Amino acid sequence: MTGIVHHPWGPRLYLAGLRVHHGSAGCALALAGLKRHAPLLTVAGLVMVLDDLADFPWRDCDSH
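Residues numbered from 1 in each chain as written. Predicted model: local features only at pLDDT ≥ 70, side-chain atom pairs only at ≥ 80, totals over all residues. Heavy atoms only, no water.

J.: Tell me about the overall build of the protein chain, residues and numbers included.
T.: Helix and strand counts for the protein chain come out as 2 helices and 3 strands. Each helix and strand of the protein chain, placed in order from N terminus to C terminus, yields the pattern β-β-β-α-α. Each of the 64 residues in the protein chain was classed as buried or not, and the buried ones make up 23%. For the protein chain, the proportion of contacts with a sequence separation of at least 24, taken over those separated by at least 6, is 36%. (Helix = DSSP H or I, 4+ residues; strand = E, 2+ residues; numbered from the N terminus. Buried < 20%, exposed > 50% of the residue type's maximum accessible area, 1.4 Å probe, protein only. Contact = heavy atoms within 4.5 Å.)

Okay, structure coming up:
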């Protein structure tokens, strides 16, 4: 299953059957920003990580 699933606590993104949390996507974005020397991407990624910190370790079986 791939796509966005509507959920009472907000939409969920799934790729190849696995949920993608915005915290893990933020890590990828921050690392890409560091590699490309793009501070805006890095900061945006870090904001995403901080926003999703409560759901860490970002595994679908551990989150709501």
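The rest of the description comes next.
J.: So what about the sheet that holds strand β3 (residues 18-20)? Which residues, and what values?
T.: The 3 strands are arranged β1-β2-β3 in an open sheet whose pairing can be described as antiparallel. Of all the strands in the sheet, the pair left with one neighbour each is β1 (3-5) and β3. Taken over all neighbouring pairs, the strand axes of this sheet differ in orientation by 45° on average, direction set aside. Of the pairings in the sheet, the one linking strand β2 (residues 12-15) to β3 comprises 3 bridges and is antiparallel in character. Bridge assignment links Leu13 to a residue of β3, and that residue is Val20. (Pairing = 2+ DSSP bridges. Axes fitted to C-alpha atoms, helices over the stretch in contact; angles between N-to-C directions.)

J.: A description of a nonpolar patch on the surface should follow, citing residues and the corresponding values.
T.: A contiguous nonpolar patch, built from Ile4, Leu13 and Leu15 and spanning about 280 Å² of accessible area, is present on the exposed surface. Structurally, Leu13 is set in strand β2. Looking at Leu13, the relative accessible area reads 36%, which means it is partly exposed. (Patch = residues over 30% accessible without salt bridge, like charges linked within 9 Å, V, L, I, M, F, W, Y side chains within 5 Å. Areas by Shrake-Rupley, 256 points an atom, 1.4 Å probe, with all protein chains shown as cover. Salt bridge = Lys/Arg side-chain N within 4 Å of Asp/Glu carboxyl O.)

J.: Got a sec to walk through the pairing of β2? Specific residues and values, please.
T.: Side chains of β2 alternate between two faces, with Arg12 and Tyr14 buried and Leu13 and Leu15 left unburied. Bridge count for β1 against β2 is 3 bridges, and the pairing is antiparallel. Looking across to β2, one finds that Val5 is bridged to Arg12. Counting the residues that bridge the hairpin from β2 to β3 gives 2 residues, and of these Ala16 lies at a positive phi of roughly 55°.

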